[in-house]
Amino acid sequence: MRRYSAFAIAREALRYHAGWEKAWASPEPRRKYDVVIVGAGGHGLATAFYLGRNFGITNVAVIEKGWLGGGNTGRNTTIIRSNYLQDPSAAIYEKSRSLYETMSQDLNYNVMYSPRGVMMLAQTQAEVRGYLRTAQANTLQGVTTRFIDPPEVKKLVPIINLDGPRYPVLGALWQDRAGTARHDAVAWGYARACSDMGMDIIQQCEVTAVRREGGRVVGVDTSRGAIDCDKLGIVVAGNSGVMAERAGFRLPIDSVALQALVSEPIKPCMDVVVMANTVHGYMSQSDKGEMVIGGGADGYNNYTQRGSFHHIEETVRALVETFPMVSRLKMLRQWGGIVDMTGDRSPILSKTPVEGVFINCGWGTGGFKATPGSGWAMAELMAKGHSPLAEAYTLDRFREGRFIDESVAAGVAH
Amino acid sequence: MSEAASALDGASFEGLVRVADAGLRGMVTLRGDLGADALHAAVKQVSGCDMPGQRKITAAGDSAVAWMAPDEALLLCPHGQADATCAALARALDGVHHLAVNVSDARATFALEGDDGALREVLAKLAPADLSAEAFGPGDFRRTRLAQVPGAFWMPRQGAARVICFRSVAQYMFDLLTTAAAKGSGVGYFQA
Amino acid sequence: MLILHCPYCGVMADETELHGGGEAHLTRHGPGSSDEEFHDYLFAKENPRGVHFERWRHVNGCGKWFHAARDTATLEVFGTYSAQTTEPPQAIRDAITARRPGWTWRHLAGSAK
Ligand SMILES: Cc1cc2nc3c(=O)[nH]c(=O)nc-3n(C[C@H](O)[C@H](O)[C@H](O)COP(=O)(O)OP(=O)(O)OC[C@H]3O[C@@H](n4cnc5c(N)ncnc54)[C@H](O)[C@@H]3O)c2cc1C
Ligand SMILES: [Zn+2]
């Protein structure tokens, strides 16, 4: 693989950009792999990448029914933060955030990680207490966050209206090394690195059945023929319930549509990410100048990557109170992704009742930030059978009542 | 004793249509099996109105009865008569499973008057209900939502509508209605 | 945007008048049930891509709970029916079979065509 560099750009500029290589190969599926990963979203690709990088396992296929990164990976609002409440969350999300810091160098691919700071507004007394508690917990966990007062909020975000009629801003939880990254680039960067290690990324290929013998996985059936494997990783986000059914087990997951929207591009006006959990809305500004706005989730199970119209109205209405200037913006695009929700709002990284089958799901509305950490832990789990980062996230935790309750820390959908 | 006052004390607004706080209104919630003869008879006796059918409202004199659900009706009467209406219902329904409660002071009522099409438009801007003349007219009653709060409306006659909501959101409802009826905001959707 | 017919007040209710109540026809295993039953009741959810049965409430309307049968992938509604039943009525099952021959949901199944 030819490396990307400033020199390469100069070289290619001189020869009409004719020398760029394809970033990844698109091979025909082989008959057999050591490991098959279902789902070429960020999490599936990161799993494959760390299988190769950390464990030398490269006889791997990543199978994708659509195009790589076309699921939630390419549909999210790219918030990266690690200010959760529970210890297992802090461990995996902070690992992930720290991997983002060096991802562009590690992958030789610019993922545009922008640690511009994430602010979670406290607009009720309960939220103030909740975030003070989170800030304390984060300190103990080694995650750098702090509670800031309204004047500091205003200083960081001049366009904010602190004295909303219904929900004044009472302070905020601030993590200054949190931020955003380019979502597609994360998938593309991992795909390029996986392909370079000799892994096969097979797009336009749906896994339709999981073949088992004596309670053990032996392969999968796909829309492009049968493929044998020793180990199978299911990393399909909103389609987890459907894939689990095909593998013969069930999951405590509900699939719902979550929406986002962007405005027309405007001049730079806000260089941090602001989340308002009580009124339910959050916003950041992309490098192109669009205001990127996270919307609501439908209140019912659904697989249409679209979402209900009224959530747009609700989200924008909420934001207008906190950011009056939004009322003058035209919205350009709206879309939805199918998110996989667990009851405790924490993911599942686990062995399954089928030997050799591993599942990585339940990231719901907030797994983009976890992409590298999740891949790291999943690779370790699949290679060694256990991973410290994944330990708390077993499927058994529901049966045993060991919930990792992040419904409060997760607040809005992000 | 303090004097009863309606939520917005007679506030009014002139726009596409006239919107006004309709003042105090007596309201009694009656729960029970609306299909039962005993309830029909009691409602008739107490209010002079027939028991309304599904999503209908009936009226007689200054009383009216609205269908709220298969097991719930709303009796409207002059404000001062609500307690007496409850008592009369209790007597008429002695031994019949039911519940009758004076909810007058939990509610606010608004009166909309003006051009029939404009009136339909003001409501249609706020509620996800079909307000075309074929679907809704005098005699019909609709519980729904107006923007962010629950409410109900009916048309006592062509060119007039009444909206009820919880008293706690009366100002919000008035603001909604007056915004929807703001001068120059006409869409003309229901104009012939 | 979903539009469901409320069987109690008869209106075609827009989603914003309604509140979703989740999976329908649950058997509520409580004290005395086995661990397995209790676990499945709480966590082994129906989350199908396709035919699904749900509870809904007409909150901004008559206030009643009812049932709905719909397709989670297309949002097609097959029908709504009374809350006072533990299984979908035959007419609803037939309506689904007409559109999705061979459908299954838990122990229920349409005829194969
Ligand atoms: C609107 C929206 C906003 C969000 N905002 C944020 C945010 O700000 N911050 C954050 O951290 N997270 C956010 N998220 C969540 C985040 O996007 C996801 O948690 C994360 O991207 C999941 O990645 P994934 O790789 O697991 O899934 P996906 O990217 O969905 O990948 C799964 C892949 O599996 C494929 N697949 C499914 N079934 C099969 C099959 N049978 N055979 C083959 N392939 C199959 C799919 O086509 C898909 O490409 C948001 C999500 C949405 C929808
Ligand atoms: Zn109804």
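Further up the page is the structure itself.
Let me sum up the structure you'll find in this document. (Residues numbered from 1 in each chain as written. Chains lettered and ligands numbered in written order. Predicted model: local features only at pLDDT ≥ 70, side-chain atom pairs only at ≥ 80, totals over all residues. Heavy atoms only, no water.)

**A closer look at the sheet that holds strand β5 (residues 146-148) of chain A**
Residues and elements named next belong to chain A.
And then number 1: One open sheet accounts for eight strands, arranged β5-β6-β4-β13-β14-β15-β12-β16; its pairing is mixed. The open sheet has two edge strands with one neighbour each: β5 and β16 (331-341). The mean inter-strand angle of the sheet, taken between neighbouring strand axes irrespective of direction, is 25°.
And then number 2: Bridge count for strand β4 (residues 118-122) against strand β6 (residues 171-175) is five bridges, and the pairing is antiparallel. Counted as the bridge partner of M120 is L173 from β6. (Pairing = 2+ DSSP bridges. Helix = DSSP H or I, 4+ residues; strand = E, 2+ residues; numbered from the N terminus. Axes fitted to C-alpha atoms, helices over the stretch in contact; angles between N-to-C directions.)

**Some thoughts on the packing of helix α1 (residues 37-47) of chain B against helix α2 (residues 82-92) of chain B**
All names here are of chain B.
And then number 1: At a minimum axis distance of 9 Å, the contact between α1 and α2 shows a crossing angle of 145°. Viewed along their axes, α1 and α2 form a crossing whose handedness is right-handed. Contact with α1, carried on its side by A42, Q45 and V46, involves T85, A88, L89 and A92 of α2 and no other residues of that element.
And then number 2: The residue inventory of the contact of α1 with α2, partitioned by class, reads five nonpolar, two polar and no charged. (Left-handed = near helix turned anticlockwise from the far one by under 90°. Contact = heavy atoms within 4.5 Å. Nonpolar A, V, L, I, M, F, W, Y, C, P; charged D, E, K, R; others polar.)

**Looking at the interface of chain C and chain A**
And then number 1: Counting from both sides, the interface comprises 22 residues of chain C and, opposite them, 24 residues of chain A.
And then number 2: Buried surface at the junction of chain C and chain A, both sides included, amounts to about 1,900 Å², of which 48% is carbon and sulfur.
And then number 3: By the criterion of area lost to chain A, the three top residues of chain C are C:F43, C:N47 and C:R49, representing 34% of everything that side buries.
And then number 4: The tally of links between chain C and chain A comes to three salt bridges.
And then number 5: Across the salt bridge formed by C:E46 and A:R250, the nearest N and O atoms sit 2.9 Å from each other.
And then number 6: Across the chain C-chain A interface, the total number found is 14 residue pairs in polar contact (both at pLDDT 80 or more).
And then number 7: Looking at the side of chain C that touches chain A, the elements with two or more residues in it are α1 (35-43) and β4 (51-57) of chain C.
And then number 8: When grouped by side-chain class, the residues that make up the side of chain C that touches chain A number eight nonpolar, seven polar and seven charged. (Buried area = accessible area lost by both parts, 1.4 Å probe. Salt bridge = Lys/Arg side-chain N within 4 Å of Asp/Glu carboxyl O. Polar contact = N/O pair within 3.5 Å; in protein donor to acceptor, adjacent residues only side chain to side chain.)

**Section: the environment of A:G356**
Residues and elements named next belong to chain A.
And then number 1: Within the secondary structure, G356 is located in the loop between β17 (348-351) and β18 (357-361).
And then number 2: With 144 residues separating them along the chain, G356 and R212 place their C-alpha atoms 9.7 Å apart.
And then number 3: With residues up to four places along the chain from it excluded, the contact list for G356 reads R216, V217, D230, K231 and L232.

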